[in-house]
Amino acid sequence: MKKIVSSFIASIALVSALNAADFYATVDGEQITKQDISMALQDPRIDFDKLPDNAKKQVLEQIINRKLLAKKAIKDGIEKDPQYVETINKIKEDLAFQVWQKNQIDKIKFTEDEKKDFYEKNKAKFVMPETLEASHILVKTEKEAFDIIKQLDKASNKEEKFKELAKTKSQDPAGKNGGYLGKFPADQMVPEFSSAAKAMSKGTYSKVPTKTQFGYHVIYLKDKIPSKALAYNEVEGNISQILLGNSYNKKVKELTDELRKDAKIVIK
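Residues numbered from 1 in each chain as written. Predicted model: local features only at pLDDT ≥ 70, side-chain atom pairs only at ≥ 80, totals over all residues. Heavy atoms only, no water.

**A short note on the nonpolar core**
Phase 1: Membership of the largest hydrophobic core comes to 13 residues, with the highest contact counts inside it found for Ile137, Val139, Ile148, Leu152, Phe162 and Val218.
Phase 2: Considering each element in turn, this core owes the most residues, four residues, to helix H6 (residues 142-154).
Phase 3: Every residue in contact with phenylalanine 162, bar those within four places of it in the chain, is listed here: Ser135, His136, Ile137, Leu152, Gly178, Val218, Ile219 and Tyr220.
Phase 4: By size, the runner-up hydrophobic cluster in this structure holds 12 residues, among which are Phe48, Val59, Ile63 and Leu68. (Core = buried A, V, L, I, M, F, W, Y, C linked by side-chain atoms within 4.5 Å. Buried < 20%, exposed > 50% of the residue type's maximum accessible area, 1.4 Å probe, protein only. Helix = DSSP H or I, 4+ residues; strand = E, 2+ residues; numbered from the N terminus. Contact = heavy atoms within 4.5 Å.)

This is how it looks when you write it as structure tokens:
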């Protein structure tokens, strides 16, 4: 107990001096590093160095106590416990795969010519889809939708009237924002909605309500951006990831197919 207390006091004394260092304290010579801190916090959004001093002390106390208890457990022979052995073997297996996977991926390299050749052969896949920018008003009945259209017909400023009606009439959560749905790929919405919106000209609203499983929609199409082929420099990063994935998956399949020939596999 005296040892635990003295170790803790020593660590607390180091908090201020070691805040900017690679480690924050030591326990019997073993460093408490940034990685230990991250594992204890379990939240990448928390910056340990910006925590109040009392919070830092609490985190350090937790880590120090865990390290001391872990050392005692090992000294008492926990490594011979069947549950420990089973768990550590599983961890070793997962770690072995993860390190092997990283090493294999690190070995995969592509030249600029190979990436450009892939781009030229797959240009049809690198296309920005047609994009719509739209708002809508969702109501239960067709009559309600036609009433809204009639009010829009009479309005001098159609877009502002649409926002006003969306806030008071729409049953969709977007109504509070004037019915605004933002920009989205033309085929992202339910088919009936997408088909109706694509058929409209930008700056216009529905003359006939669109019925979907959700009810009746009055649509205002703010903008329509046509699809376009993407240039090589716009997709170079994606190409690298695709080639990397293809190469790695091919290697894994070849290797596992070979390994499975001699493996004894039983699936229940």
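Following the structure, the description resumes.
**Re the packing of aromatic side chains**
Phase 1: In the structure shown here, the tally under the stated rule is seven aromatic pairs.
Phase 2: Through pairs of rings, three or more aromatic residues link up here, namely Phe118, Tyr119, Phe126 and Tyr232. (Phe/Tyr/Trp six-rings, centres within 6.5 Å; stacked < 30°, edge-to-face > 60°.)

**What to know about the pairing of strand E8 (residues 215-225)**
Phase 1: Most of E8 is tucked away: eight of the 11 residues are buried.
Phase 2: Two elements, strand E6 (residues 204-205) and E8, share two bridges in a ladder whose sense is antiparallel. Each residue of the ladder has a partner; that of threonine 204, found in E8, is leucine 221.
Phase 3: Of the pairings in the sheet, the one linking strand E7 (residues 210-212) to E8 comprises three bridges and is antiparallel in character. (Pairing = 2+ DSSP bridges.)

**Some details on the pattern of salt bridges**
Phase 1: The tally for this structure, following the rule as stated, stands at 21 salt bridges.
Phase 2: Note that aspartate 153 is salt-bridged to lysine 207, the shortest N-O span being 3.4 Å. One end of the pair, aspartate 153, is in helix H6; the other, lysine 207, is in the loop between E6 and E7, and 54 residues separate them in sequence.
Phase 3: Here aspartate 153 falls in the partly exposed class, since its relative accessible area comes to 40%.
Phase 4: Using a relative accessible area of 52% as the deciding quantity, one classes lysine 207 as exposed.
Phase 5: With a shortest N-O distance of 3.2 Å, glutamate 159 and lysine 222 are connected by a salt bridge. (Salt bridge = Lys/Arg side-chain N within 4 Å of Asp/Glu carboxyl O.)

The values are spatial; any link to function lies outside them.
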